[in-house]
Amino acid sequence: MELTVLGCRSGMPAAGQCSSSYLVETEAARLLLDCGPGAATALSAVMDPRRLDAVVISHLHLDHCYDLLPVGKTLLAGHGRFAELFPTLPELARQVQRTPVPLYVPRGGRERLRALAALFPVTTIPLLDRAFEVAFDVREYEPGDTFVVGDATVGVHELRHAVPNCGTRVDCASGSIAYTGDTGVTEDLVPFARDVDLLLAEATLELTDTTDHGHLSATDAARAATEADARQLVLTHFVTAEPTWLRARQEDAERVFDGPVHIAAPASRFTARVTEAAPHA
């Protein structure tokens, strides 16, 4: 099982980095976890989005779901190309998206996404307004739901944030990855990440959040990884790409967690299950 970081910024894209989006690949499944602004571009650099087997959205904040519309439009292009108008580009005739990509969103997500698509109508090609009817098969989930994608079992687990947020856990024969989405400190983090091969945890803050909004510091993430007996920790969802600041957050985590601690960066790749201790990033 492999994790590719597409975007790791909290909030809006900055410094050439897009917002939260992560690609998980197993032998028989390709899952996109969150799809923040800029994700459509980053995804297209590593794979054709028509090869996705599922998309899972942790919560309905803009920085985690906004690029679902561009990705959906890309998928729709396979239905609506006018190949006869591009006689020197025969590959356009082959770009057909035959089955919709399953899209798992929190309750209420279907209508919100349809409303987003309706803001940008293409009156001459109405098909292009149906990203969330034709390109995606939108499925609303409840906390605690599980579903199968290829050879992987995917579970969504309620964590603590300003809006309903579920962490996503992906388990298969080749490893396991748990991704927090956005969350504050909560006792639910430990069972969610129990014995996971790789915990992908937001680490937005320098200090522990005492408000109701719900974010983690690197130290908070490391404590959860330690208590859950996770095998490695990848920190993500940063407010800056400044190297000194990021290294300090890595050191914060290393003081608490004995396993490998990595800093997410665009295009970085991690193997969920490592056969021997990996060096610190």
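For clarity, every value in this text was computed on a predicted model and none was experimentally measured.

**A look at the layout of surface pockets**
Roughly 230 Å³ of internal volume is contained in the largest pocket. Lining the largest pocket are 13 residues, with Pro-106, Arg-107, Val-163, Pro-164 and Asn-165 positioned closest to its centre.

**Overview of the packing of aromatic side chains**
For the coordinates displayed, the defined rule picks out four aromatic pairs. Their ring planes at 55° and their centres at 4.9 Å tell us that Tyr-22 and Tyr-179 sit as a pair that is tilted. Taken together, the residues Tyr-22 in strand 2 (residues 21-25) and Tyr-179 in strand 10 (residues 175-179) connect sequence positions 157 residues apart. The exposure classification of Tyr-22 matches that of Tyr-179, with both residues buried.

**Brief notes about the sheet that holds strand 13 (residues 261-263)**
Sheet architecture is open: seven strands sit in the order 7-8-9-10-11-12-13, paired in mixed fashion. A strand with exactly one partner marks an edge of an open sheet, and here the two such strands are strand 7 (146-149) and strand 13. Put simply, the sheet's adjacent strands are angled 20° from each other on average, direction ignored. Here strand 10 runs beside strand 11 (residues 198-202); their pairing, made up of three bridges, is parallel. Following the sheet pairing, Tyr-179 is matched in strand 11 by Leu-200. Against the sheet, helix 7 (residues 218-228) engages strand 11 and strand 12 (233-236), with an angle of about 155° to strand 12. Strands strand 12 and strand 13 of the sheet are contacted by helix 8 (residues 243-254), whose axis makes an angle of about 160° with strand 13.

About the thresholds
- Residues numbered from 1 in each chain as written.
- Predicted model: local features only at pLDDT ≥ 70, side-chain atom pairs only at ≥ 80, totals over all residues.
- Heavy atoms only, no water.
- 1 Å grid on protein atoms, 1.4 Å probe; cavity = no way out; pocket = protein on both sides within 12 Å on 5 of 7 lines; lining within 4 Å.
- Points joined across faces, edges and corners; volume = space filled by probe spheres on them.
- Phe/Tyr/Trp six-rings, centres within 6.5 Å; stacked < 30°, edge-to-face > 60°.
- Helix = DSSP H or I, 4+ residues; strand = E, 2+ residues; numbered from the N terminus.
- Buried < 20%, exposed > 50% of the residue type's maximum accessible area, 1.4 Å probe, protein only.
- Pairing = 2+ DSSP bridges.
- Axes fitted to C-alpha atoms, helices over the stretch in contact; angles between N-to-C directions.
- Contact = heavy atoms within 4.5 Å.

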